[in-house]
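# Geometric and topological summary
Take a look at the letters that make up each chain.
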Amino acid sequence: QVQLVESGGGVVQAGGSLRLSCAASRSTFSSYATAWFRQAPGKEREFVAAISWSGTRKYYADSVKGRFTISRDNAKNTVYLQMNSLKPEDTAVYCCAADPWGMGSYNLNEYDYWGQGTQVTVSS
């Protein structure tokens, strides 16, 4: 079992930046693909970005490509999401998720472990 804890959310003006962190409770996390998903009020959870266990493969939703960057530091059991040029439509609860078996996926059903999420609010 792996516990995931997100941090770094907050309120920011449009055009601003935030960096989210996802810290894992076990070192085996370094061998897991990890992703960020988000859910806005009244909407379904949607894929944001994913990274393979080694960090060599990265995937992004079209809506964040060029603005968000996913990365990881396996020595710290942590995955990051750097979010730049934020827009009001980025407002959501952001959750990280881990998949022990894959290389990174858009499909939320591939992920076995989930954090509780951190709120990101972008004001116009």
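Residues numbered from 1 in each chain as written. Predicted model: local features only at pLDDT ≥ 70, side-chain atom pairs only at ≥ 80, totals over all residues. Heavy atoms only, no water.

## Here's the deal with the environment of A92
Structurally, A92 is set in strand 9 (residues 92-99). Not counting the four nearest positions on each side in its chain, A92 is found in contact with R38, Q39, A40, T118, Q119 and V120. (Helix = DSSP H or I, 4+ residues; strand = E, 2+ residues; numbered from the N terminus. Contact = heavy atoms within 4.5 Å.)

## Observations concerning the sheet that holds strand 1 (residues 4-7)
Taking strand neighbours across the sheet as the criterion, the 4 strands line up as 1-3-8-7 in an open arrangement whose pairing is antiparallel. The sheet is open, and its two borders are formed by strand 1 and strand 7 (68-73), each paired with just one other strand. Across this sheet, the average inter-strand angle for adjacent strands is 15 degrees, counted without regard to direction. Of the pairings in the sheet, the one linking strand 1 to strand 3 (residues 18-24) comprises 4 bridges and is antiparallel in character. Counted as the bridge partner of E6 is C22 from strand 3. (Pairing = 2+ DSSP bridges. Axes fitted to C-alpha atoms, helices over the stretch in contact; angles between N-to-C directions.)

## Concerning the packing of aromatic side chains
Tallied over the full model, the rule gives 7 aromatic pairs. Ring centres 5.8 Å apart and planes at 75 degrees place the aromatic pair F37 and F47 in the edge-to-face group. Of this pair, F37 sits in strand 4 (residues 33-39) while F47 is found in strand 5 (residues 46-51), placing the two residues 10 residues apart along the sequence. On the basis of relative accessibility, which here comes to 1%, the residue F37 falls in the buried class. Classification of F47 by relative accessible area gives buried; the value is 11%. If you follow R45 out to its NZ or CZ, it ends over the ring of W114, 4.6 Å from the centre. Lying across the ring of F29, R72 places its NZ or CZ 5.2 Å from the centre. (Phe/Tyr/Trp six-rings, centres within 6.5 Å; stacked < 30°, edge-to-face > 60°. Buried < 20%, exposed > 50% of the residue type's maximum accessible area, 1.4 Å probe, protein only. Lys NZ or Arg CZ within 6 Å of the ring centre and 35° of its normal.)

## Describing the state of the cysteines
One way to say it: the disulfide is the covalent bond shared by the sulfur atoms of two cysteines. For the structure on display, the rule yields 1 disulfide. Across the disulfide, C22 is cross-linked to C96 (sulfur-sulfur distance 2.1 Å). Across the S-S bond linking C22 and C96, the dihedral sits near 65 degrees, which makes this disulfide right-handed. Remark: C96 occurs in strand 9 and C22 occurs in strand 3; sequence separation between them is 74 residues. Take C22 and C96: they sit in the same class, and that class is buried. The thiol of C95 is not disulfide-bonded; the next cysteine sulfur, from C96, is found 7.5 Å away. (Disulfide = S-S within 2.5 Å.)

Honestly, it's all geometry; don't read function into it.
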